[in-house]
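If you want the building blocks of each chain, they are given just below.
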Amino acid sequence: DDHNKENLFNSLNYDVAAKKRKKDLLNNKAKIQYFHQEKWIYVHKGSTKERHGYCTLGEAFNRLDFSSAILDSRRFNYVVRLLELIAKSQLTSLSGIAQKNYMNILEKVVQKVLEDQQNIRLIRELLQTLYTSLCTLVQRVGKSVLVGNINMWVHRMESILHWQQQLNNIQITRPPFKGTTFTDLPLCLQLNIMQRLSDGRDLVSLGQVAPDLQVLSEDRLLWKKLCQYHFTDRQIRKWLILSDKGQLDWKKMYFKLIRCYPRKEQYGDTLQLCRHCHILSWKGTDHPCTANNPETCSTSLSPQDFINLFRF
């Protein structure tokens, strides 16, 4: 009888644990609705008679319309960079709802990349950064570093691995096109277009497409302008590298510099803060400002500036 009771007790415990795991999984898969689709929010750093408390990073992340921003090519890189910075150091500062919202927006980003097959490397780096951070945070479970059940976070990490595998399996096919191609253009135009690339890795990838492009991608002037765009003269002078011919090797200098200094960030569209009314909005979005010249009161925020705005 005691043996049967023990087996029954263990069976009940197993059923309870199984139901709990199933419930955690369902809760994790349930997508929260984007209740807030606001184009601007008021950033307040203290309590007033009209407003109580202050605006947090998680609140701003929930209320601003990031889910629609990723569909805009001018804002896509901005949102991705913001997701990366949050993954590196700010994930634990988000509320439970904000963390869930973060994962939902990230899933939308991945699905967009899988559909249009653009910005693949950018999202791979984002997923790797997030996975590395979560590996560290999950090991510290029990110290109030993550909101929610550990099973939920393990499932999210499995989702990240699945997304990484999907990105690795992308096979980019060349579209059937019989018109003028990039290599059909005059060399001066090809070089002019290549000068618009702001990432040296893109320049290297382009050089691997065809032998003629390989020669153009090694042009010293291209790499010189790339170094001068991202880094200051003082930084460049500190890492001078000479080639076998005694000339400055700008290509080697570029890859050395990016390991030592952050590259210059440039975005088509950014979030802006109105210094007059403390309203945060996307560039070009009208907000109820009482200033005589609202355009002169707006300051563009980089993704890091956006995060710093909520450090009190």
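Structure: see above.
Residues numbered from 1 in each chain as written. Predicted model: local features only at pLDDT ≥ 70, side-chain atom pairs only at ≥ 80, totals over all residues. Heavy atoms only, no water.

Break down the overall build of the chain for me, with residues and values.
Counting its secondary structure elements, the chain contains 14 helices and 4 strands. For the chain, buried positions account for 37% of its 312 residues. Here the analysis covers contacts within the chain between residues at least 6 apart in sequence; of these, 65% occur between residues at least 24 apart. As displayed, the chain has an accessible area near 19,500 Å², and 52% of this comes from carbon and sulfur atoms. (Helix = DSSP H or I, 4+ residues; strand = E, 2+ residues; numbered from the N terminus. Buried < 20%, exposed > 50% of the residue type's maximum accessible area, 1.4 Å probe, protein only. Contact = heavy atoms within 4.5 Å. Areas by Shrake-Rupley, 256 points an atom, 1.4 Å probe, with all protein chains shown as cover.)

Tell me what's going on with helix H6 (residues 120-139), and back it up with residues and numbers.
With 20 residues, H6 ought to run about 28 Å at 1.5 Å a step, and its terminal C-alpha atoms sit 29 Å apart, in line with that. Where H6 is buried, its residues contact helix H4 (73-90), helix H5 (96-116) and helix H7 (150-168). (Expected span 1.5 Å × (residues − 1).)

Can you lay out the packing of H5 against H6 for me, pointing to particular residues and giving the numbers?
What describes two packed helices is the angle between their axes and the distance between those same axes. Running from N to C, H5 and H6 cross one another at 150 degrees; their axes reach a closest spacing of 10 Å. Put simply, H5 runs roughly antiparallel to H6. At the point where H5 passes H6, the crossing takes the left-handed sense. On H6, the residues touching Tyr102, Met103, Leu106, Val109, Val110 and Val113 of H5 are Ile120, Ile123, Leu126, Leu127 and Leu130. Here the contact of H5 with H6 is built from residues that sort into 11 nonpolar, no polar and no charged. (Axes fitted to C-alpha atoms, helices over the stretch in contact; angles between N-to-C directions. Parallel < 35°, antiparallel > 145°, perpendicular 65-115°, else oblique. Left-handed = near helix turned anticlockwise from the far one by under 90°. Nonpolar A, V, L, I, M, F, W, Y, C, P; charged D, E, K, R; others polar.)

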